[in-house]
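Now for the letters of each chain:
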Amino acid sequence: MRKRFTGALAVSVALAAGIIAASCSSEQETTLTVMSFNIWGGGANEDKPVDETVAAIEAVDPDIVGIQETRLEGPKCTARFCPPRGRSVAKELKDALGYQYYEQTQLEDDGFVDAFRAANPDPVAKPAFTWTPSSKPTVSWDHHDRIDFVLARADELVVESAAIVGEKRPEADVVVRPWPSDHRAVAATVRY
């Protein structure tokens, strides 16, 4: 049986990152599938049930999932500031998925590898925009960008694969409908 972990990460609006900090002292090789997912209040910011977020995570079946924005947006959101309100849905997701639960509030980025870009080095062929599936790339009032990451660090790290999880192709490699968030997720399988 695989151990599963979920973590709610406190991150800035500019960067949401799922992190693996792995140090392996044994000779045995380990393979993990990791997902980073900004869940936008577990879908509740658009009155969607948490079951849709659970389905998106189950579609990847990750060993580790880093989740961001686990609480509802506050009533007074601006482009620069959007305080959360209410309770986090991280524990509810943990219960639904059978994961262990860990909250992390500080990121370390020394020596980490961008797993998606390691597996897909050409940003023109594979831009991997995770922000935002809720508007067309041509609208003038929004800026589509890649702001969600899986970062990994381990001795002898090999990124086997990485994918964008979202609402439709060609933007997403793994498609889940209905899509519950205003961000696409990132998943990666790594070996060390």
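In what follows, the structure referred to is the one given above.
Figured I'd write up the structure that's included with this text.

About the cut-offs
Residues numbered from 1 in each chain as written. Predicted model: local features only at pLDDT ≥ 70, side-chain atom pairs only at ≥ 80, totals over all residues. Heavy atoms only, no water. Helix = DSSP H or I, 4+ residues; strand = E, 2+ residues; numbered from the N terminus. Buried < 20%, exposed > 50% of the residue type's maximum accessible area, 1.4 Å probe, protein only. Contact = heavy atoms within 4.5 Å. Areas by Shrake-Rupley, 256 points an atom, 1.4 Å probe, with all protein chains shown as cover. Core = buried A, V, L, I, M, F, W, Y, C linked by side-chain atoms within 4.5 Å. Pairing = 2+ DSSP bridges. Right-handed = clockwise from strand over helix to strand, strands pointing away. Phe/Tyr/Trp six-rings, centres within 6.5 Å; stacked < 30°, edge-to-face > 60°. Axes fitted to C-alpha atoms, helices over the stretch in contact; angles between N-to-C directions. Parallel < 35°, antiparallel > 145°, perpendicular 65-115°, else oblique. Left-handed = near helix turned anticlockwise from the far one by under 90°.

## Observations regarding the overall build of the protein
Part 1: A count of helices and strands for the protein gives 3 helices and 12 strands.
Part 2: Split into buried and exposed, the 192 residues of the protein put 45% on the buried side.
Part 3: For the protein, restricting intrachain contacts to residue pairs at least 6 apart in sequence, the fraction spanning at least 24 positions comes to 71%.
Part 4: Summed over all atoms, the accessible surface of the protein reaches about 10,600 Å², with 51% contributed by carbon and sulfur.

## Describing the nonpolar core
Part 1: Residues Met35, Phe37, Ile57, Leu93, Val165 and Trp179 are the most contacted members of the largest nonpolar core, which totals 20 residues.
Part 2: For this core, the secondary structure elements donating two or more residues are strand 3 (31–38), helix 1 (50–60), strand 4 (64–68), helix 2 (90–97) and strand 12 (185–191).
Part 3: Take this core: its biggest share by element is 5 residues, from helix 1.
Part 4: Once residues within four sequence positions are removed from consideration, Trp179 is found in contact with Phe37, Lys48, Glu52, Ala56, Pro133, Val165, Gly166, Glu167, Arg184 and Ala185.

## What to know about the pairing of strand 4
Part 1: Of all 5 residues in strand 4, 4 are buried, a share of seventy percent or more.
Part 2: By the bridge criterion, 5 bridges tie strand 3 to strand 4 in an arrangement that is parallel. Residue pairing across strands places Met35 opposite Val65, the latter belonging to strand 4.
Part 3: A crossover connection joins strand 3 to the parallel strand 4 through helix 1; in handedness this β-α-β unit is right-handed.

## Topic: the packing of aromatic side chains
Part 1: This structure, assessed with the given rule, holds 1 aromatic pair.
Part 2: Between the aromatic rings of Phe37 and Trp179, the centroid separation amounts to 5.2 Å while the plane-to-plane angle is 35 degrees, which identifies the pairing as tilted. One end of the pair, Phe37, is in strand 3; the other, Trp179, is in the loop between strand 11 (174–175) and strand 12, with 142 residues separating them in the sequence. The residues Phe37 and Trp179 share a single accessibility class, namely buried.

## As for helix 1
Part 1: Within helix 1, burial applies to Val50, Glu52, Thr53, Val54, Ala56, Ile57 and Val60.
Part 2: Its buried side turned inward, helix 1 meets strand 3, strand 4, helix 2, strand 10 (158–166) and strand 12.
Part 3: Immediately downstream of helix 1, the backbone of Asp61 shows phi near 55 degrees, a positive value.

## Quick look at the packing of helix 1 against helix 2
Part 1: Where helix 1 meets helix 2, the closest approach of the two axes is 10 Å, and the angle between their N-to-C directions is 55 degrees. The angle between the axes of helix 1 and helix 2 places the two elements in the oblique class. The handedness of the crossing between helix 1 and helix 2 comes out as right-handed. Across the interface between the two elements, Val50, Thr53, Val54, Ile57 and Glu58 from helix 1 touch Glu92, Leu93, Ala96 and Leu97 from helix 2.

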